[in-house]
Amino acid sequence: MSSLPARIASARQPVPLQDGLSLFPALFAPRSALSHKGSHGSLAVLGGAAGMSGAVLLAARAALLMGTGKVFAGFCQTVSPLPCDPQHPELMLHAADALLEAAGSLGISAWTAGCGLGRSDMAERLLHQLLGSQPMQPIVLDADGLRWLAEPAHRPFWRSCLTQAGAPRVLTPHPGEAAALLDTDIAGIQADRPRAVMHLAQRYDCWAVLKGAGTLVCAPDGRLWQNGSGNPGLASGGTGDVLAGMIGSFLAQGVPPEQAIPGAVWLHGAAADYLVAHGTGPKGMTASEVILAARTLLNHPPA
Ligand SMILES: NC(=O)C1=CN([C@@H]2O[C@H](COP(=O)(O)OP(=O)(O)OC[C@H]3O[C@@H](n4cnc5c(N)ncnc54)[C@H](OP(=O)(O)O)[C@@H]3O)[C@@H](O)[C@H]2O)[C@@H](O)CC1
Ligand SMILES: Nc1ncnc2c1ncn2[C@@H]1O[C@H](COP(=O)(O)OP(=O)(O)O)[C@@H](O)[C@H]1O
């Protein structure tokens with residue numbers, strides 16, 4: 001991180017995220033009695049190469065249970081590995097190519113991409129197509145989506161797509177992915193996390209979410225938040241996919257980014273805290289349980 005701009009070098013104090021109910025009223029606003037599924041957005045989740053289909057299901061299920069009107073899943077495979085999700089047949093499952101082709105007619109209002117996407121030629125092509133063709137829809141990029149973004153050969157194109165977008169772009173790296181995006185190592189990221197997240201937001205002209213204990217969120221204009229919820233129960237495979245689906249859900253529903261993004265981070269951690277308080281985990285807590293607890297808190301927030 002040698003080329004840190006001066007405005008970032010003087011990192012501000014992050015706003016602590018403790019009391020989600022007072023900080024994120026837009027997340028907890030009651031629904032209009034007249035609302036219908038079209039009032040609550042449509043999210044498409046793109047990822048899920050063979051062997052990692054579960055990553056897309058976790059993100060899509062999280063989006064569904066956060067209240068998205070309609071949720072589509074697009075797998076990075078020639079056909080969808082399942083005709084439907086037996087646990088949530090509400091989800092609409094497609095091969096990613098078919099989903100991208102139909103995107104215009106499906107009324108998709110936001111995308112979450114990269115969860116289990118993999119490193120194949122197909123993955124690269126799909127991401128290229130998504131970023132190039134959806135300038136006006138919010139896009140959350142996670143996991144392998146971030147690994148592709150970090151590839152030096154791709155950076156000029158990816159970066160121009162990100163900077164020219166007319167809707168929020170959200171990068172959700174863990175420290176390993178952040179290190180690749182900033183050309184450093186994990187120790188370099190962890191040594192100064194506020195500086196790292198601000199650098200990410202500035203370099204990629206995006207919202208940046210640097211995950212791990214005390215997740216940091218930085219807006220494109222440098223505003224900074226630090227999460228105060230969450231616990232090591234979240235240190236298990238798939239919880240990051242859930243977070244990416246939650247952020248995508250709130251953006252798809254039209255929640256403003258400064259409520260949707262730090263709000264989802266807080267709620268995700270608060271769900272893990274709720275589980276521990278009610279006897280589930282931290283050991284053995286699953287990503288699927290985090291989704292259910294987040295839904296409980298969304299409807300019955302702690303006073
Ligand atoms: N059910 C499914 O289908 C699931 C599918 N999944 C999908 O699998 C894909 C690959 O994901 P992955 O977990 O295999 O590798 P990846 O995320 O690159 O991490 C490895 C590297 O990052 C580092 N690192 C990670 N976290 C860190 C931290 N907090 N703090 C510090 N370092 C950290 C770690 O460092 P280490 O400590 O191991 O040296 C190592 O260098 C991805 O698309 C995902 O969506 C998963 O979500 C699981 C459920
Ligand atoms: N010790 C911890 N305390 C709080 N949150 C944690 C802890 N460990 C992991 N998390 C959270 O769990 C999630 C893990 O995401 P990620 O590393 O992308 O996993 P995966 O790729 O398996 O879904 C992130 O939201 C991260 O902040």
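The chain carries the name ADP-dependent (S)-NAD(P)H-hydrate dehydratase in an unreviewed UniProt entry, which gives Corticimicrobacter populi as its organism. The record in UniProt for the chain states the following under Subunit (unreviewed entry): "Homotetramer."

(A) Layout of the site of ligand 1. Contacts to ligand 1 come from 17 residues, most closely from Gly 116, Asp 144, Arg 147, His 174 and Asp 241. Interatomic distance of 2.8 Å between a side-chain N/O atom of Arg 147 and an oxygen atom of ligand 1. Between an oxygen atom of ligand 1 and a side-chain N or O atom of Asp 241, the distance comes to 2.7 Å. When ligand 1 sits alone it has 920 Å² of accessible area, and the protein chains cover 50% of it. Among the elements of the structure, helix 4 (53-65), helix 7 (143-150) and helix 9 (175-181) are those that each provide at least two residues to the shell around ligand 1.

(B) Quick look at the site of ligand 2. Around ligand 2 sit 16 residues, and of these Lys 211, Gly 212, Thr 215, Gly 238 and Gly 240 come closest. Here a nitrogen atom of ligand 2 and a backbone polar atom of Asn 231 are 3.5 Å apart. At 2.7 Å from an oxygen atom of ligand 2 is found a main-chain nitrogen or oxygen belonging to Gly 240. Protein contacts shield 77% of the accessible area of ligand 2, which totals 580 Å² for the unbound molecule. Here the element with the most residues in the shell around ligand 2 is helix 12 (residues 239-252); it accounts for 4 residues. A breakdown of the residues in the shell around ligand 2 according to their chemical character gives 5 nonpolar, 9 polar and 2 charged.

(C) Expanded view of the UniProt feature "binding site: AMP" (unreviewed entry) in the chain. Feature annotation in UniProt places "binding site: AMP" (unreviewed entry) on Lys 211, Gly 212, Ala 213, Gly 214, Thr 215 and Gly 240, given in this structure's numbering. Across 30 residues of sequence, these annotated residues stay compact in space, with a maximum C-alpha separation of 14.0 Å. By the secondary structure assignment, Ala 213 is in the loop between strand 8 (207-210) and strand 9 (216-218). Taking the relative accessible area as the measure of exposure, Ala 213 reaches 78% and is therefore exposed.

(D) Highlighting the sheet that holds strand 5 (residues 110-113). Reading across the sheet, the 10 strands line up as 1-10-9-8-7-6-5-2-3-4 and stay open at both edges, with mixed pairing between neighbours. Of all strands in the sheet, those with a lone pairing partner are strand 1 (15-17) and strand 4 (92-95), marking the two edges. Adjacent strand axes in the sheet meet at a mean angle of 20°, parallel and antiparallel pairs treated alike. The sheet contact formed by strand 2 (residues 42-47) and strand 5 spans 4 bridges and is parallel.

(E) Spatial organisation of the packing of aromatic side chains. Inspection of every chain in the model, using the stated rule, returns 3 aromatic pairs. An angle of 80° between the planes, with centres 6.3 Å apart, marks the rings of Phe 28 and Trp 266 as edge-to-face. Here Phe 28 is found in helix 3 (residues 25-28), whereas its partner Trp 266 is found in helix 13 (residues 257-277), with 238 residues between them in sequence. Summarising the burial analysis for this pair, Phe 28 and Trp 266 share the class buried. Between Trp 207 and Trp 225, the aromatic rings sit 5.8 Å apart at their centres with planes inclined by 25°, giving stacked as the arrangement.

(F) View of the UniProt feature "domain: YjeF C-terminal" (unreviewed entry) in the chain. The UniProt entry lists residues 20-301 under the feature "domain: YjeF C-terminal" (unreviewed entry), expressed in the numbering used here. End-to-end, the C-alpha atoms of residues 20-301 are 8 Å apart, and along that stretch the chain is 48% helix and 13% strand.

(G) Molecular detail of the state of the cysteines. One pass over the full model with this rule turns up 0 disulfides. Residue Cys 206 stays outside any disulfide, its sulfur separated by 8.4 Å from that of Cys 218, the closest cysteine. Residue classification places Cys 206 among the buried positions, given a relative accessible area of 1%.

(H) Focus on unusual backbone geometry. Of note, the bond from Gly 281 into Pro 282 is cis; its omega dihedral lies within 30 degrees of zero at 10°. In this fold, Pro 282 is placed in the loop between helix 13 and helix 14 (287-299). A positive phi is found at Ala 143, a non-glycine position, where the angle reads about 50°. Position of Ala 143 among the secondary structure elements: in helix 7. On the basis of relative accessible area, Ala 143 is assigned to the buried category, the value being 13%. Notably, Asp 183 is not glycine yet its phi reads approximately 55°, a positive angle. Among the structural elements, Asp 183 can be located in the loop between helix 9 and helix 10 (186-191). According to the relative accessible area criterion, Asp 183 is partly exposed, its value standing at 48%.

The rules behind the values
Residues numbered from 1 in each chain as written. Chains lettered and ligands numbered in written order. Predicted model: local features only at pLDDT ≥ 70, side-chain atom pairs only at ≥ 80, totals over all residues. Heavy atoms only, no water. UniProt positions renumbered as here; feature names shortened; annotations may be inferred. Near = heavy atom within 4 Å. Polar contact = N/O pair within 3.5 Å; in protein donor to acceptor, adjacent residues only side chain to side chain. Areas by Shrake-Rupley, 256 points an atom, 1.4 Å probe, with all protein chains shown as cover. Helix = DSSP H or I, 4+ residues; strand = E, 2+ residues; numbered from the N terminus. Nonpolar A, V, L, I, M, F, W, Y, C, P; charged D, E, K, R; others polar. Buried < 20%, exposed > 50% of the residue type's maximum accessible area, 1.4 Å probe, protein only. Pairing = 2+ DSSP bridges. Axes fitted to C-alpha atoms, helices over the stretch in contact; angles between N-to-C directions. Phe/Tyr/Trp six-rings, centres within 6.5 Å; stacked < 30°, edge-to-face > 60°. Disulfide = S-S within 2.5 Å.

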